[in-house]
Amino acid sequence: MTTYIIRRLLWVIALLFGVSLVTFVIFYLLPSANPALLRAGHQPTAALIKAITHQLGLDKPWYVQYLDYMKALVLHFNFGYSYQYQTPVKTMIFSRLPATISLALGAAVIWLVSGIIVGTISAIRPRSRFDRSMMGAALVAISAPPYWLGLVSLFLFSTSVGRFPILPGAGSYVPLTQNPVHWFTGLIMPWLVLAASFAAIYARLLRGNLMEVMSEDYIRTARAKGVPERRVILRHGIRSAITPLVSAAGVDIGVLLGGVILVEQVFTIPGIGGLAYQSILNGDLPMIQGTVLLGAFFIVVMNLIVDIGYAFIDPRVRYS
Amino acid sequence: MSARESLLEVDNLKVEFHTDDGVVYAVDGVSYSIRPGTTLGIVGESGSGKSVSALTTLGLTRGKRTRVSGRILFEGRDLLTLPDDELREIRGDDIAMIFQDPLSSLHPFYKVGYQLMEAVLMHRSVSKAAARDRAIDLLELVGIPDPHRRVDSYPHEFSGGMRQRAMIAMALANEPKLLIADEPTTALDVTVQAQILALLEDLQQRLGMAVIIITHDLGVVAEIADEIAVMYAGRIIEHASSERIFATPQHPYTWGLLKSIPRLDTPRSEDLVPISGRPPSLINRPSGCHFHPRCPYVRDGHKRVDPKLEPVPGEFGHEVACLLPAPLRKQIWQGLQAGRTPDELRRLVDDKPAPEAVAAAQPADEAGA
């Protein structure tokens, strides 16, 4: 188990190197904008652009730039300076991270809880009115793009422009440390919008799994030994049916931690997603690198946690 | 056999499943009873309704699309009309069940000991420590070595035979009066099969419980069953003491089952005789005698008349549902035992001027039995 974890951690590092290299190459092959031009003001002269290019180090060959970048990163944990903000990328990312984590984890709690409850009830009462209406609603939630759902819910419920002004709308995010109550109320709508499609997917996934599990032989055994139906479902059924959800949840949360671009934009939450989006528009290479590496880091780490967690969830899985 | 002396009495049990494809007549008017401490073997191929009748006893076939009628009296109480929670109290306590595939029948995520403890704790208000001690005792009872350590193993760490022993231990947790074993040895190696059967027999004698063994293999019940019921297409088609089933079987299907078992005492030159055809659909059952499409001795009338389970003349407690006249059946069985094939013996049935005259005519026996 220990050697397995060490081997996986080494792979994580190799993978992150790969990701950074690919990001670099893509930036040079398909430049989104010329950073020097963007920084040169309204009437740029050729000399000014050249000077800025030199100042940013963009006149060196790309592999030299990459090596410089990696040297700073590995030796000093330095992600460089943002072209746009003239501040260290690391500082920017860490200041934006709490908002994204709040959004992603809060939504994850909502979608897991609601998905598991709906999926379970639907599975034990298939074709019932509850099942049919919930699976219908799930189909809508899966099909609705989050930005559209976000705009509609703002239009309906936000205190600023909503028809039924009951919840704070866009731009109402405050950090948890500043005011926990406002942090919570401000995030309710983004959480629900972000969780909707995931909750729907998880409910359907669990419904299918649980229905399959409930026809397993060991469920029959549990019933045959006189276990009450409630306990059969909770202890014997869900215990098995939930395992695939754990791996899906790990990856999904990892992806969201890397930046929830659309929902952050709709609700103007100052998170990583917005930062990444802006840095791409501005050709802000160090910032692009930083956010991409962060996203990749969360995804591979969550994957690792899921894989290791599996050994504890399913005793048949043993890594060697 | 009166209800007073029998532990379980099944009376005209019918189980129908209403599926999208039609109504499945899984069990169609089955009656049997079992006295305390005895063993009943229910034999039939897959889809004959043998498992469904057992599962229905425990209420495990209850569902929206299932229709059940008849009576299943257990110690005078009708299990079919019992509310779910009262039936649950009987399950795993007075009546326990073991299943075919011990690997899929044990929960893969829980330790064997936990699953045994659960069986105890569902019916007895004892501490967890006491339940664990009981689990260890049970593992020892069924012959699992080193039970103190094995109680913390997962099912996948057990061998097939040990898993079935663990299943048996779980079934015995509350010393049931009736144990239903549904194909308990089918998924096991032949040598392990013998061990499990010996264990069941030994435990039955020690604990004095009644046992119903459900199997497709007459060889399995030969040694341990007191009575045998042969099922086909949802019905019992022959029912007798174990000795009589093997000595004077009456139904062509039973003959087929007996002739398809390899035996050490038959001459090597003699081939095994498979039963031709496939089990019938339980949605669209054959007309008349349900066995007629596969019966080597079928007559035209058998396709229209549905035989009832009737006593065999001169054989106490032996019942059969067959339209062939008793003397002819005797003749054919003697022929089969003498090593003749069903094709040869078919002449005994055919050799008639007109099928309609069959019932009245004597069997013409040119070949001699």
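Basis of the calculations
Residues numbered from 1 in each chain as written. Chains lettered and ligands numbered in written order. Predicted model: local features only at pLDDT ≥ 70, side-chain atom pairs only at ≥ 80, totals over all residues. Heavy atoms only, no water. Pairing = 2+ DSSP bridges. Helix = DSSP H or I, 4+ residues; strand = E, 2+ residues; numbered from the N terminus. Contact = heavy atoms within 4.5 Å. Axes fitted to C-alpha atoms, helices over the stretch in contact; angles between N-to-C directions. Salt bridge = Lys/Arg side-chain N within 4 Å of Asp/Glu carboxyl O. Polar contact = N/O pair within 3.5 Å; in protein donor to acceptor, adjacent residues only side chain to side chain. Nonpolar A, V, L, I, M, F, W, Y, C, P; charged D, E, K, R; others polar. Domains from an automatic or database assignment. Buried area = accessible area lost by both parts, 1.4 Å probe. Buried < 20%, exposed > 50% of the residue type's maximum accessible area, 1.4 Å probe, protein only. Expected span 1.5 Å × (residues − 1). Arc of directions from axis to C-beta. Phe/Tyr/Trp six-rings, centres within 6.5 Å; stacked < 30°, edge-to-face > 60°. Lys NZ or Arg CZ within 6 Å of the ring centre and 35° of its normal. Patch = residues over 30% accessible without salt bridge, like charges linked within 9 Å, V, L, I, M, F, W, Y side chains within 5 Å. Areas by Shrake-Rupley, 256 points an atom, 1.4 Å probe, with all protein chains shown as cover.

Our next topic: the sheet that holds strand 12 (residues 319-320) of chain B. The strands making up a sheet associate through hydrogen bonds between their backbones, and the pairing can be parallel or antiparallel. Residue and element names in this part refer to chain B. Ordered by their spatial adjacency, 8 strands build an open sheet running 6-7-8-3-9-10-12-11, and the pairing between neighbours is mixed. Only two strands of the sheet have a single partner each, and these edge strands are strand 6 (95-98) and strand 11 (310-311). Looking at chain direction, strand 7 (residues 178-182) and strand 8 (residues 210-215) are connected through 5 bridges and run parallel. Paired with L178 across the bridge in strand 8 is A210. Most of the contacts of helix 11 (residues 252-259) go to strand 9 (residues 227-232), to which it runs at about 110°, and overall it touches strand 3 (39-43), strand 9 and strand 10 (235-241).

A few words on the interface of chain A and chain B. Contact residues are listed per partner, giving 21 residues for chain A and 28 residues for chain B. The salt bridge partner of B:E118 is A:R231, with a shortest N-O separation of 2.8 Å. If you look at where chain A meets chain B, you find 16 residue pairs in polar contact (both at pLDDT 80 or more). Where the side of chain A that touches chain B is concerned, the elements lending two or more residues are helix 9 (217-224) and helix 10 (229-241) of chain A. Examining the composition of the side of chain A that touches chain B, we find that 6 residues originate from one element, helix 9 of chain A, more than from any other. The residue inventory of the side of chain A that touches chain B, partitioned by class, reads 6 nonpolar, 5 polar and 10 charged.

So, about the domain arrangement of chain B. Residues and elements named next belong to chain B. The assigned domain composition of chain B is domain 1 (1-91 + 176-322) and domain 2 (95-175). At the interface, 31 residues of domain 1 touch 21 residues of domain 2. Of the roughly 2,200 Å² buried between domain 1 and domain 2, counting both surfaces, carbon and sulfur atoms make up 70%. Counting every contact that joins domain 1 to domain 2 gives 0 salt bridges. At the boundary of domain 1 and domain 2, one finds 10 residue pairs in polar contact (both at pLDDT 80 or more). Elements supplying a minimum of two residues to the side of domain 1 that touches domain 2: helix 1 (50-57), helix 2 (84-90), strand 7 and helix 8 (190-207). Of the residues forming the side of domain 1 that touches domain 2, the biggest block, 8 residues, is contributed by helix 8. Residue composition of the side of domain 1 that touches domain 2, grouped by class: 21 nonpolar, 3 polar and 7 charged.

Residues and elements named next belong to chain A. The topology assignment puts G169 in the loop between helix 7 (146-157) and helix 8 (180-213). You can call G169 buried: its relative accessible area is 7%. Considering only alpha carbons, one finds G169 and L156, 13 residues apart in sequence, at a separation of 9.9 Å. If we ignore the near neighbours within four places in the chain, the residues touching G169 are L154, S158, T159 and M189.

Residue and element names in this part refer to chain A. With 15 residues, helix 6 (residues 129-143) should cover 21 Å at 1.5 Å per step; its first-to-last C-alpha distance of 21 Å lies within 8% of that length. Residues of helix 6 that are buried include every one of D131, M135, A138 and A141, and no others. For helix 6, the buried positions fall inside an angular range of 115° around the axis, keeping them on one side. Away from its buried face, by an angle of more than 90 degrees, helix 6 presents the exposed residues R129, R132, V140 and S143. For helix 6, the secondary structure elements touched by its buried residues are helix 5 (89-124) and helix 8.

Turning next to the packing of aromatic side chains. Within the structure shown, the criterion is met by 15 aromatic pairs over all chains. Centroid distance A:W62 to A:Y63: 6.0 Å. Interplanar angle 80°. Geometry classified as edge-to-face. On the accessibility criterion, A:W62 (35% relative accessible area) is partly exposed. Aromatic rings pair up to connect A:F24, A:Y66 and A:Y69 into one cluster. Just above the ring of B:Y110 sits the side chain of A:R239; from NZ or CZ to the centre is 5.8 Å.

On the surface, A:I6, A:L10, A:I13, A:F17, A:V74 and A:L75 cluster together to form a nonpolar patch covering roughly 600 Å² of accessible area. Counting residues per element, the nonpolar patch draws most heavily on helix 1 (residues 2-29) of chain A, at 4 residues.

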